[in-house]
Each structure stands twice: as structure tokens, then as C-alpha cells.
Amino acid sequence: MMIVVTGASGNVGGQVVALLATAGEWVTAVSRRTAELPEGVRHVQGDLDDPARLKDAFDGADALFLLVAGRDPGAILDAARAGGARRVVLLSSQGAGTRPEFYRHPVAFEDAVRRSGLEWTILRPGGFHSNVYAWAESIRGGHTAPAPFGDTGLPTIDPADIAEVAATVLREDGHAGRVYELTGPAPTTPRERAAAIGAALGTPVRFAEQTREEARAQMLRFMPEQVAEGTLAILGEPTDAERRVSPDVERVLGRAPRSFADWAGRNVAAFR
């Protein structure tokens, strides 16, 4: 099977590439910049905003791992289908289901995938464990972790679990037409995550409660206003669906998802 992985230099896509290559699949990795890839993986430099130039990447493809990126998901999917793809796995967002008014871009991709004529599966992860990389500088410089809503718990997920689910669904039959909600094994609060990083470091990390406006100003530096508002709504006033621990990781992988403390232990070097 030849599998095309978009976002191959990213937090999830890079791990999907490695898992598929280890499993012996033919992999074409697509990214806007060069990436360090496993031996035997073909790299195509390309942009999902320009799907007409991805013909070579999709030629001979059987399956596609697709990020929510680019302005014309229909054109991306048409190009993949023309290249031979019959299966697509979309990395969407939990917010597409719980707050579609804020997450219109993922919703548009989900709609296009459903209309594509391909065998589709949609992955909707909640917040990533790795979002706390935003604390790396403040923890290294002052053992401080700033965030709003310090005592509101959400079941964030390890990107490695998302990648493993994606690689499994890309290779296995039986997942067509499914929407998988991906979460960690239990809700944790920002205050608890800061403490877990401190435990991994062997040095206490002080949690610093931000106001909603302070957090909003910080988010607007790297995300659109609409997405920032949706994110703050989830972080501050999560719905029952957003608080829920989903069984889908275990359903697909046959094991429980990894905890935040496990993630912190494996990635503690980023905070030293």
C-alpha cells in the first residue's frame, strides 16, 4: 500500500510517517519544508493551498492522511482520487462537533471528505498534551506555568496516540464512515499539568493563573480570533461532551491512551 501523509514535518504527521514506515508501507511524505524522514520514505515538498502541484505526490496513492490545511479541501481530495487514492483519514478537531460555529474550517473539511466518494474516517482529537510546550520558555526561565481556568479539567491527548490511531486506520479495514473522538484517559487541569511537569523535572513548577483577556491576547498572536474564542470557551466552560473521556483510542488500539504524566516524563527535556 502507498500512503500519502500531509503535514509530514508536524507534531502528528511526523509520527504517522515513522509508524507507517516501520510497518513496511510505502510512504510519501508531503510538507512545505524539508523534514528528517525514515529511510525509504519519499518526500514531496508541497502546499495544500496549491493542490494542482501535488499531482506527483498523489500518483499511485492508495490512502491519504489529510490535515485541515489549505482553502479548497474538495480540490485536494479530487487530486488524491485522481491519483488512485480510495481511502482518506482526516485529522479534524473535537470543536468541529461541539462548537461548529467557531471551527468552520475543520467543518468544511469534514463535509468535503464525506462528499469525496472516498472511504473516509474522521479523527476528532481534543486538546493535545503537547500544547503545554507553550510553557517551555517560562518554565525554563522561572519555573512558572501561566494559563487561564486553572482548575477546569479536560482529557487532553498524547499526539503519539493520535498518530498511532491514524496509522492503524490508514492500514486496516473496518473504519469506513466512522468519526473517532480521541481523548486521554482522564481529565487533568492546567494546575495538575504544571505539577506533573514539575514532578518530571524534580523541581516544583508554580502555576500562574491568567485572566481570560490575558490568555486571549496571547492566543491572538498565533491563531485567528474565531478559533481563539472557541478555544477559550472550551477551556473555560467545557460542555459535557468536551469533558467526556472517549473510549475510541482503546477501541482502535486495544489499549488505554497514555496519560499526561507519561507524556511529561517522555518530553521533560523541553522544559529543562
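Conventions adopted
- Residues numbered from 1 in each chain as written.
- Predicted model: local features only at pLDDT ≥ 70, side-chain atom pairs only at ≥ 80, totals over all residues.
- Heavy atoms only, no water.
- Helix = DSSP H or I, 4+ residues; strand = E, 2+ residues; numbered from the N terminus.
- Buried < 20%, exposed > 50% of the residue type's maximum accessible area, 1.4 Å probe, protein only.
- Contact = heavy atoms within 4.5 Å.
- Lys, Arg positive; Asp, Glu negative; His and termini not counted.
- Charge placed at Lys NZ, Arg CZ, Asp CG, Glu CD.
- Salt bridge = Lys/Arg side-chain N within 4 Å of Asp/Glu carboxyl O.
- Phe/Tyr/Trp six-rings, centres within 6.5 Å; stacked < 30°, edge-to-face > 60°.
- Pairing = 2+ DSSP bridges.
- Axes fitted to C-alpha atoms, helices over the stretch in contact; angles between N-to-C directions.

Caption draft 1: Inspection of the overall build of the protein at higher detail. Each helix and strand in the protein was counted, giving 13 helices and nine strands. Considering the protein as a whole, with its 272 residues, one finds that 50% of them fall into the buried category. Excluding contacts between residues fewer than 6 apart, the proportion of contacts in the protein whose partners are at least 24 apart in sequence is 72%. When the 30 positive and 35 negative side-chain charges of the protein are each reduced to one mean point, those points stand 1 Å apart.

Caption draft 2: Quick look at the pattern of salt bridges. Under the counting rule described, the total for this entry stands at 22 salt bridges. In this structure, the salt-bridge partner of Arg255 is Glu164, at a minimum N-O distance of 2.8 Å. You can see Arg255 sitting in the loop between α12 (248-253) and α13 (260-266) and its partner Glu164 sitting in helix α7 (residues 159-171), a full 91 residues away along the chain. Here Arg255 falls in the partly exposed class, since its relative accessible area comes to 24%. We classify Glu164 as partly exposed; its relative accessible area is 23%. Here the salt bridges share partners, and the residues they tie into one network are Glu110, Arg114, Arg124 and Glu181.

Caption draft 3: The packing of aromatic side chains, seen in detail. Enumeration over the complete set of coordinates arrives at four aromatic pairs. Centroid distance Tyr133 to Trp263: 5.2 Å. Interplanar angle 65°. Geometry classified as edge-to-face. Here Tyr133 is found in the loop between β6 (119-125) and α6 (136-142), whereas its partner Trp263 is found in helix α13, with 130 residues between them in sequence. For Trp263, a relative accessible area of 2% puts it in the buried group. For the pair Tyr133 and Phe271, a centre-to-centre distance of 6.1 Å together with 20° between the ring planes defines the contact as stacked. Taken as a pair, Tyr133 in the loop between β6 and α6 and Phe271 in the segment after α13 lie far apart in primary sequence, 138 residues in all. A residue is classified by how much of its surface remains accessible, and Tyr133, at 35% relative accessible area, is partly exposed. Taken together, the ring pairs connect Tyr133, Phe260, Trp263 and Phe271 into an aromatic cluster.

Caption draft 4: Region of the structure containing the sheet that holds strand β1 (residues 2-6). Within the open sheet, the seven strands sit side by side as β3-β2-β1-β4-β5-β6-β8. Their pairing is parallel. Bordering the open sheet on either side are β3 (42-45) and β8 (178-182), each of which pairs with just one other strand. Here the strands of the sheet are splayed against their neighbours by 15° on average, with no regard to which way each runs. As paired elements, strand β5 (residues 87-91) and β6 share five bridges and run parallel to each other. In the sheet register, Val88 faces β6, and the bridge partner there is Trp120. Along the sheet, helix α5 (residues 104-115) contacts β4 (63-67), β5, β6 and β8; its crossing angle with β6, the most-contacted strand, is approximately 160°.

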